[in-house]
Every structure is written in C-alpha cells, then in structure tokens.
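# Reading the structure
The residues making up each chain are set out below.
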Amino acid sequence: MTLEELNKYISEIKKKHDIAVNEVRALYAKSQELYKVGDIMTNGIFIVRIVKIGWNLDFKGNPYPIYRGDSLTKKGTVSKTAPTAIIYGNEGTKLIKESA
C-alpha cells in the first residue's frame, strides 16, 4: 500500500462517517418535531401554515427542526408583505390549528 492509497482510504472512511453522523442528526431533529405539514403554528412573532419541515444545527452543534411555510395574518390570510416565514426550533411555539 502506498501513502497515497492510505490517504485515499482514510478520506473515504471520513466521508462515510460524516454521512452517518448527518443521518443520525436528521433522525434526532425529526424526533423533535412537534408539528406536521399543514398545521398552523406560532412563535409569538409569526403565524405559519407549515409547508415544509427541515432541520439545522444550533451554535452548539445540536440538531433542531425548522418549520417553513405561508406567513399568515391574524385573520388567517396569507400576508402580502411577507408571504413566507420560517420558525426555528420549538422553543416558545404553540399550535393554533391542527391540519385535517
């Protein structure tokens, strides 16, 4: 085995490791989801009808869910000034209406 082959092999192992770690982080973030697509939720600033749920890492490297969707007014119509909104995590959020 040459040094080049060794470095290539180690690089492949690191890539597989990174992929596995991201899969576990995504599973954890998914397990933390309190809401589902179609629900209407708020964080006190935005009211969002959830269209898509993803995940990201906080500053400490901990995964958390991200809720993306239509930004609603208090009357329940889509906001004209900011039609989309994102709510990061579950802290300070509450369910307004569950999807049918």
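Residues numbered from 1 in each chain as written. Predicted model: local features only at pLDDT ≥ 70, side-chain atom pairs only at ≥ 80, totals over all residues. Heavy atoms only, no water.

What follows is about the nonpolar core. Among the nonpolar cores identified, the biggest contains seven residues, and these are Tyr-35, Met-41, Val-48, Ile-50, Tyr-67, Ala-85 and Ile-87. When contributions to this core are tallied by element, the ones reaching two or more residues are strand 2 (47-57) and strand 4 (84-88). (Core = buried A, V, L, I, M, F, W, Y, C linked by side-chain atoms within 4.5 Å. Buried < 20%, exposed > 50% of the residue type's maximum accessible area, 1.4 Å probe, protein only. Helix = DSSP H or I, 4+ residues; strand = E, 2+ residues; numbered from the N terminus.)

Our next topic: the side chain of Ser-79. If you trace the backbone, Ser-79 turns up in the loop between strand 3 (63-72) and strand 4. The class of Ser-79 is buried, set by a relative accessible area of 14%. A distance of 3.3 Å separates a polar atom in the side chain of Ser-79 from the backbone nitrogen of Ala-82. (Polar contact = N/O pair within 3.5 Å; in protein donor to acceptor, adjacent residues only side chain to side chain.)

Don't take any of this as a statement about function, it's just geometry.
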